[in-house]
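Residues per chain, in single letters:
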Amino acid sequence: MDIVADREFNFHARDFARVRALIYDRAGISLHEGKQAMVYSRLSRRLRETGHPSFEGYLQWLESASGAQAQQEWQEFVNCLTTNLTSFFREEHHFHTLTDWLKARGPQPTRIWCCAASTGEEPYSLAMTVAETVGLNAPVKILASDIDTNVLQTASRAVYDAGARGLSPQRLKQFFLRGKGNNAGFIRVKPELTKMVEFRPFNLMQTQWQLGEPFDVVFCRNVMIYFDGPTQRKVLERIHGVMKPKSLLFVGHSENFTESRDIFVLKGKTVYDRV
């Protein structure tokens, strides 16, 4: 039975079920039944790019292929099915909480992990908060990761539309360079801010987490909403394992982990203390 009719490619219920199983296995993402049209729209691009005339053929090739080309296509598959909605200083109350925490902590070495960096607005918002609170030369390092390699390329370029949401005129002037000529209408994050941030591809489903020294702060916002309960718990346990005791975990406004109070205790509005 077709679940997307009158389109370029046939898309059957069995194809959607297969996609759901593959993205869950690769990235822990649980796609609900209402995502058929989204899956068709995004993955049909990959069928065109790879020359496959059907979803069945593409998925069969994806599962059976090997080598560098297959690894690249698996990454493209994941990139297509991840969602990247972000802006500067999104859920602004979190940055006020971080400011208070940094002031109380003082000029100590600090490691922050932004584990859903998307196109970079969140990690650069963290860097601006650090610069405003303890200075550009403070011993603070921000690791910014994402499963989607395409958005990380955008983040690393650090170039945005001049009308980007969430930036005050003061922050625009202090932390960004305005483009001229062919670059008019764009802004670039200043190098003294970008040096604070390291971007790295990372899949929260991988079993080996080699992330360096434990973190003092973790921003994992609007990520867990894509996972089912068991996957959420597994990821929370792994995040717990790379954090220092009493460090802070920031999560999205619709995420609640009261069932994991043995490892994270609610401290404020969607902010948790690591037990």
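Residues numbered from 1 in each chain as written. Predicted model: local features only at pLDDT ≥ 70, side-chain atom pairs only at ≥ 80, totals over all residues. Heavy atoms only, no water.

**Q** How would you explain the sheet that holds strand β5 (residues 159-161) if you had to name every residue and give the values?
**A** Sheet architecture is open: 3 strands sit in the order β5-β7-β6, paired in antiparallel fashion. The sheet is open, and its two borders are formed by β5 and β6 (176-178), each paired with just one other strand. Averaged over all pairs of adjacent strands, the angle between their axes in this sheet comes to 35 degrees, without regard to strand direction. For β6 and strand β7 (residues 186-189), the ladder comprises 3 bridges, and the chain directions are antiparallel. Of the residues in β7, the one forming a bridge with Leu177 is Arg188. (Pairing = 2+ DSSP bridges. Helix = DSSP H or I, 4+ residues; strand = E, 2+ residues; numbered from the N terminus. Axes fitted to C-alpha atoms, helices over the stretch in contact; angles between N-to-C directions.)

**Q** Mind laying out the side chain of Ser87, listing which residues take part and the relevant values?
**A** By the secondary structure assignment, Ser87 is in the loop between α4 (68-81) and α5 (93-105). Beyond its immediate chain neighbours, meaning those up to four positions away, Ser87 contacts Glu121 and Arg165. (Contact = heavy atoms within 4.5 Å.)

**Q** Which residues make up the nonpolar core, and what are the values?
**A** In this structure, Val39, Phe77, Leu81, Trp113, Leu204, Ile239 and Leu249 are the most contacted members of the largest nonpolar core, which totals 49 residues. The set of elements that each furnish at least two residues to this core consists of α1 (13-27), α2 (36-50), α3 (55-64), α4, β9 (215-220), α10 (229-241) and β10 (243-251). If we skip the residues at most four places from it in the chain, Leu204 touches Trp113, Trp209, Val223, Phe227, Val235 and Arg238. Among the nonpolar cores identified, the runner-up in size contains 38 residues, and Ala117, Val197, Phe199 and Phe219 belong to it. (Core = buried A, V, L, I, M, F, W, Y, C linked by side-chain atoms within 4.5 Å. Buried < 20%, exposed > 50% of the residue type's maximum accessible area, 1.4 Å probe, protein only.)

**Q** Help me get a handle on the side chain of Asp273, residues and values and all.
**A** Inspection of the secondary structure assignment puts Asp273 in strand β12 (residues 271-274). It turns out Asp273 is buried and unbridged, and the closest side chain with the opposite charge, Lys267, is 4.1 Å from it. (Lys, Arg positive; Asp, Glu negative; His and termini not counted. Salt bridge = Lys/Arg side-chain N within 4 Å of Asp/Glu carboxyl O.)

**Q** Which residues make up the sheet that holds strand β4 (residues 140-146), and what are the values?
**A** Taking strand neighbours across the sheet as the criterion, the 7 strands line up as β8-β4-β3-β9-β10-β12-β11 in an open arrangement whose pairing is mixed. One side of each edge strand has no neighbouring strand; the edge strands of this open sheet are β8 (197-201) and β11 (264-268). Each strand axis lies, on average, 25 degrees off the axis of its neighbour in the sheet, ignoring direction. Two strands pair when backbone bridges link them, and strand β3 (residues 110-114) and β9 are joined in this way by 3 bridges, in the parallel orientation. Note that in β9 the partner of Trp113 across the bridge is Val218. Its contacts with the sheet put α5 on β3, β9, β10 and β12, and the angle it makes with β9 is roughly 175 degrees. Here helix α7 (residues 149-157) sits on the sheet in contact with β4 and β8, set at roughly 160 degrees to β8.

**Q** Could you give me a rundown of α10, with the residues and numbers involved?
**A** For α10, which comprises 13 residues, the first-to-last C-alpha distance of 19 Å matches the rise-based estimate of 18 Å (1.5 Å per residue) to within 8%. Each element contacted by the buried residues of α10 is listed here: α1, β3, β9, β10, β11 and β12. (Expected span 1.5 Å × (residues − 1).)

**Q** Break down the packing of aromatic side chains for me, citing the residues and quoting the values.
**A** Enumeration over the complete set of coordinates arrives at 19 aromatic pairs. Note on Phe89 and Phe95: the rings are 5.0 Å apart at their centroids and 65 degrees apart in plane angle, and the pair reads as edge-to-face. The pair Phe89 / Phe95 is uniform in exposure class, with both members buried. Ring geometry for Phe95 versus Phe219: centroids 5.8 Å apart, planes at 35 degrees, classification tilted. Here Phe95 is found in helix α5, whereas its partner Phe219 is found in strand β9, with 124 residues between them in sequence. (Phe/Tyr/Trp six-rings, centres within 6.5 Å; stacked < 30°, edge-to-face > 60°.)

**Q** An account of the environment of Ala104 is needed here, citing residue identities and associated values.
**A** Its place among the elements puts Ala104 in helix α5. Taking the C-alpha atoms as reference points, Ala104 and Gly51, 53 residues apart in sequence, are found 57 Å from one another.

**Q** Can you tell me about the pairing of β7, naming the residues and giving the values?
**A** Only one face of β7 is covered, namely the one carrying Ile187 and Val189; the face carrying Phe186 and Arg188 has none of its residues buried. As paired strands, β5 and β7 are joined by 3 bridges and run antiparallel to one another. Within β7, the residue paired with Asp161 across the bridge is Phe186.

**Q** So what about the pattern of salt bridges? Which residues, and what values?
**A** Counted according to the given criterion, the structure contains 12 salt bridges. A salt bridge links Asp216 to Arg105; the shortest N-O distance between them is 3.2 Å. One end of the pair, Asp216, is in strand β9; the other, Arg105, is in helix α5, with 111 residues separating them in the sequence. Look at Arg105 and you get buried, because its relative accessible area is 18%. Lys244 is paired through a salt bridge with Asp216; the nearest N and O atoms lie 3.0 Å apart. Here Lys244, found in strand β10, pairs with Asp216, found in strand β9; they are 28 residues apart in sequence, far enough to count as distant. In this structure, a network of salt bridges that share partners links the residues Arg105, Asp216 and Lys244.

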